[in-house]
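# A look at the structure
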Amino acid sequence: MTASTPREQLAAQLSEAVASALAVDLENHERALLVVSGGSTPVPFFKRLASIELPWSRIDVTLADERWVAEDAEDSNARLVREHLLQGPAAAARFCPLTSDDSTPELGVEAVTKRVTELPWPASVVVLGMGGDGHTASLFPDSGELGLALTTDDPLVATRSPSVVQPRITLSAGRLHQARRHVLHVVGDDKRSVLAHAMAGDDVRELPIRAFLACPLAVYWAP
């Protein structure tokens, strides 16, 4: 598969790095965990990674966050992962969604927490995205639950934000930190500007991506 555009080249580089990390960890552990983010940015990366031959049956995949919608809803991150990552060789991976049949994330967080804590932590790789407001996962600057999500020892937090339509569930900052490697995957000049602003300050509540700048963070960016 030839990578022609800068974003396709970025997806190829990131998929190779993630596959290598998973392969290394599987040499020393029975299972490996990959945490990915939703949105449109990771789709080329998902497609690339899905085509790489790995012991996928020993790999668990989960999400950094999820909208509280049905798994087959158009804006479901789980649907995105199933359609673009869990294909080809990667179809053998074990996927852990972040939703339940409960009507709200507040009601469902207990059931999803039980599922998530059974995964093989620490994760091999956490692949984060970032919004124009500096949010990552569902750690939104204007969320009333941001302080909790940044400080709790619980794996998951139900969040609501005036800036997004659906209620969400997110891995807490503490749980996202439980990884051997952290990656930030962003594209576009606007995101580069947001990241530069984040790196110039330390107020995590203003730009929640700052919660991950203190740990080793590999930044994958393309115009």
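Please read these numbers as outputs of a predicted model, since none were measured by experiment.

## A short note on the pairing of strand 8 (residues 182–187)
For strand 8, the tally of buried residues reaches 6 of 6 residues, placing the bulk of the element in the interior. In strand 8, alternate side chains face the same way, and those of His182, Leu184 and Val186 on one face and Val183, His185 and Val187 on the other are all buried. In this structure, strand 8 lies alongside strand 9 (residues 217–222), joined through 6 bridges in parallel fashion. Looking at the pairing, Leu184 lines up with Val219 of strand 9.

## Some points on helix 7 (residues 189–199)
For helix 7, the complete set of buried residues consists of Lys191, Val194, Leu195 and Ala198. Taken end-on, helix 7 shows its buried residues confined to a sector of 100°, consistent with a single buried face. Those residues of helix 7 that are buried are in contact with strand 8 and strand 9.

## Comments concerning the pairing of strand 1 (residues 32–36)
Taking burial as the measure, the 5 residues of strand 1 include 5 buried ones, the bulk of the element. Residue alternation in strand 1 divides its side chains into two sets, Ala32, Leu34 and Val36 and Leu33 and Val35, and both sets are buried. Summarising the sheet, strand 1 and strand 2 (residues 59–63) pair through 5 bridges and their orientation is parallel. Note that in strand 2 the partner of Val35 across the bridge is Thr62. Each parallel crossover has a hand, and the one from strand 1 via helix 2 (residues 43–50) to strand 2 is right-handed. Both strand 1 and strand 5 (residues 125–128) contribute to a ladder of 2 bridges, which runs parallel. The residue of strand 5 that forms the bridge with Val35 is Val126.

What counts, and where the lines are drawn
- The written sequence of each chain sets the order in which its residues are numbered from 1.
- In keeping with the model being predicted, local features are shown solely for residues with a pLDDT of at least 70 and side-chain atom pairs are shown and tallied solely at 80 or more, while totals for entire chains, interfaces and linings include all residues.
- Think of the side-chain values as coming from all heavy atoms in the structure, minus any hydrogens and water.
- Think of it in three bands: residues with accessible area under 20% of the maximum for their type are buried, residues over 50% are exposed, and the middle band is partly exposed, with areas taken using a 1.4 Å probe on protein chains only.
- Strands are runs of DSSP state E lasting at least 2 residues, helices are runs of H or I lasting at least 4, and numbering of each runs from the N terminus.
- At least two DSSP bridges between two strands are needed for those strands to be called paired.
- This arc corresponds to the set of directions leading from the helix axis out to the C-beta atoms.
- Whether two residues are in contact is decided by their heavy atoms, any of which lying within 4.5 Å being enough.
- Seen with the strands pointing away from the viewer, any crossover whose path from the first strand over the helix to the second strand runs clockwise is right-handed.

Scope: geometric values only; no functional claims are made or implied.
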